Amino acid sequence: MDMTKESCRYFVEVLASNAPTPGGGGAAALVGAVGTALGNMVGSLTVGKKKYAGVEGEIIALKARCDSLQTQLLDQVEADAVGFEPLAKAYGIPKDDPTRDAVLEEATMAACAVPMKIMELCCQALDAIAVFAEKGSRLAVSDAGCGAVCVKAALQAASLNVFINTKTLKNRQAAEEMNAKCLDMLARYGQLADGIFETVKAGFFQ
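Residues numbered from 1 in each chain as written. Predicted model: local features only at pLDDT ≥ 70, side-chain atom pairs only at ≥ 80, totals over all residues. Heavy atoms only, no water.

Draft legend 1. Examining the layout of surface pockets more closely. Quantified by volume, the largest pocket comes out at close to 270 Å³. Contributing to the lining of the largest pocket are 17 residues, with D80, F84, N161, I164 and N165 lying nearest its centre. Elements with a contribution of two residues or more to the lining of the largest pocket: α2 (24-44), α3 (56-91), α4 (100-135) and α5 (141-166). Ranked by the residues each element gives to the lining of the largest pocket, the list is headed by α3, at five residues. (1 Å grid on protein atoms, 1.4 Å probe; cavity = no way out; pocket = protein on both sides within 12 Å on 5 of 7 lines; lining within 4 Å. Points joined across faces, edges and corners; volume = space filled by probe spheres on them. Helix = DSSP H or I, 4+ residues; strand = E, 2+ residues; numbered from the N terminus.)

Draft legend 2. Quick peek at the pattern of salt bridges. Within this structure, the stated rule accounts for six salt bridges. A salt bridge links R172 to E176, with the nearest nitrogen and oxygen atoms 3.1 Å apart. One end of the pair is R172 and the other is E176, both in helix α6 (residues 172-203) and four residues apart, which spans about a single turn. Owing to a relative accessible area of 35%, R172 belongs among the partly exposed residues under this scheme. Overall, the relative accessible area of 45% leaves E176 in the partly exposed class. With a closest N to O distance of 3.2 Å, K201 and E198 form a salt bridge. Taken together, the residues K201 and E198, both in helix α6 and three residues apart, mark about one turn of the helix. (Salt bridge = Lys/Arg side-chain N within 4 Å of Asp/Glu carboxyl O. Buried < 20%, exposed > 50% of the residue type's maximum accessible area, 1.4 Å probe, protein only.)

Draft legend 3. Fine view of the environment of D127. When you line up the elements, D127 lands in helix α4. For D127, a relative accessible area of 38% gives the class partly exposed. In this structure, the C-alpha to C-alpha distance between D127 and S7, residues 120 residues apart in sequence, is 29 Å. The residues touching D127, leaving out its near neighbours within four places in the chain, are Y189 and L192. (Contact = heavy atoms within 4.5 Å.)

And the structure:
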């Protein structure tokens, strides 16, 4: 079942249940899409306004980019559920099965792929939101700030879904490489998101 085609209420109900999916990864993807859409809304409210004619081309191109990012993030909700299935099955293999360790290792590696992808998409979204916050309609700048906050939350949430899996990997080199990449994204783009928020907030007290 593609949970993104269900109602928001149903999604939340299933999220709160004991169903294995959606979980943190799927929730992160959805929140990331919502945050991206908030930034994109600023673009929608900017295009066509005489005051912003000088940046209209840039904003239109950025909106198209965010349309794609929103779709890709929503796609990760189902992708995360699909990616988790082999891992859930691997944990069910009897501990005395000689194939268990190898199957579990492979499934754990695969389970890292989607949250890593979510993080990468969130980073791209924050780059776009930074431009919307700087050049978009001042009447909607709060939405750019809200978008940055949501996407940062998605970025952080997705990272935890990587770290819980890299912790158990036997291949420590692969684990540390993924951890380093995640930590770098968290540092750089967490700072960018905080900067957007603080700049937007400060503008209301000038």
